[in-house]
Amino acid sequence: MKSGFVCLAGLPNAGKSTLINSMVGEKVAIVSWRPQTTRDNILGILTTEEYQMVFIDTPGIHVARNNLGKYMMTAVNTSIKNADVIVYVIDAAKGVTEEDEKFLSDFSQKMNVIAALNKSDSVVRETIFKGLEKLNEIKNIKSVVPISAKQGDNLDTLKEEILKFLPEGEMLYTDDMFTDKPLKFMAAEYIREKAFYLLDKEVPYGIGVEVRKFERREGKPIWDIYADIIVEKPSHKAIVIGKKGEMIKRIASGARQDIEELLGEKVFLEVYVKVKEDWRDSDYLMKELGYDIKNLK
Ligand SMILES: Nc1nc2c(ncn2[C@@H]2O[C@H](COP(=O)(O)OP(=O)(O)OP(=O)(O)O)[C@@H](O)[C@H]2O)c(=O)[nH]1
Ligand SMILES: [Mg+2]
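A short tour of the structure in this document, coming up.

## Points about the sheet that holds strand 6 (residues 143–146)
- Pairing within the open sheet is mixed, and its 6 strands lie in the order 2-3-1-4-5-6. At either margin of the open sheet sits one strand with a lone partner, and together these are strand 2 (42–47) and strand 6. On average, each strand axis in the sheet is inclined to that of its neighbour by 25°, with strand direction left out of account.
- In the sheet, strand 1 (residues 2–10) pairs with strand 3 (residues 51–57) via 7 bridges, with the strands oriented parallel. Residue pairing for strand 3: G4 is matched across the bridge by M53.

This is the structure we're talking about:
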């Protein structure tokens, strides 16, 4: 048996969360077309008879501009430190950037780094060849694999490459687990995902979600969930609620469907909006929302 930790790293929007979901076959991480969707390290476990790959999805690598950004970058670094293999994800449509090259040449000297050229479905062949050419010039990268996380293309090849660098060892998690995050955390993330899709400009970035109640009704196949969407400015509250409450209804209704799928049972979801001014710069308020550096692993 082989088992180990596989860190998925890369620039914002490269497709890391899409990749972890495809690898694990479950929606463990939320996805959106906006950069900086992921804020935490998210574990996704793939168990077969021969191996257990424990993937860690990480926030996109960026220069932190507030405390939340610092938390996100600490998450990335923690995950890298504990990894047996790094799969560095690149958006083929954007091409291999200077930042990509810098990360790859730094880390491939000291760690097992595989480069995954993602979104191969969205570009012409020539663009992929150009990307591969550039990546093959970087010394010490273990391998370069073109993939489409969204379509599931070439993921078997990527798994084979990862497997080469996983140590022999027992399973790290039981084989029925696909993540270590509690359902309550997943519910909060699903709500945040809808907010990321539906809200504009800077508003989604200042959103946090706190699930206050998460309970199954006694003897009934129905869950009662009460959550607060936290905004960082009073002016954002009205935007999240929308005209006649239309926006908050759309967010809640989309999230409810996803949570029902996750739980396999009916969900009653009530979502409120609260202001916690500039929470992204307050250690205390960030901890309330679950962003606590001490808990990173
Ligand atoms: N066409 C295409 N789009 C993809 C692929 N993988 C991801 N995407 C899209 O790229 C966008 C970003 O995907 P995410 O998985 O959220 O990217 P991420 O790297 O986790 O982004 P952050 O969490 O912000 O760092 C979404 O709109 C995805 O649907 C792919 O293989 N092909
Ligand atoms: Mg992500």
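Back to the write-up after that little detour.
## Here we look at the pairing of strand 5 (residues 113–118)
- For strand 5, a buried count of 6 out of 6 residues is recorded, marking the element as mostly surrounded by other parts of the structure.
- Along strand 5, one buried face is formed by V113, A115 and L117 and the opposite face, lined by I114, A116 and N118, is buried too.
- Direction of pairing for strand 4 (residues 85–91) relative to strand 5: parallel, over a ladder of 6 bridges. If you follow Y88 over to strand 5, its bridge partner there is A115.
- Following the backbone out of strand 4, through helix 3 (residues 98–107) and into the adjacent parallel strand 5, one traces a crossover that is right-handed.
- Taken together, the 4 bridges between strand 5 and strand 6 define a ladder with parallel strand orientation. The residue of strand 6 that forms the bridge with A115 is V144.

Parameters and conventions
Residues numbered from 1 in each chain as written. Chains lettered and ligands numbered in written order. Predicted model: local features only at pLDDT ≥ 70, side-chain atom pairs only at ≥ 80, totals over all residues. Pairing = 2+ DSSP bridges. Helix = DSSP H or I, 4+ residues; strand = E, 2+ residues; numbered from the N terminus. Axes fitted to C-alpha atoms, helices over the stretch in contact; angles between N-to-C directions. Buried ≥ 20, exposed ≤ 12 C-beta atoms within 10 Å, placed from the backbone. Right-handed = clockwise from strand over helix to strand, strands pointing away.

Interpretation note: all reported values are geometric properties and have no functional meaning in isolation.
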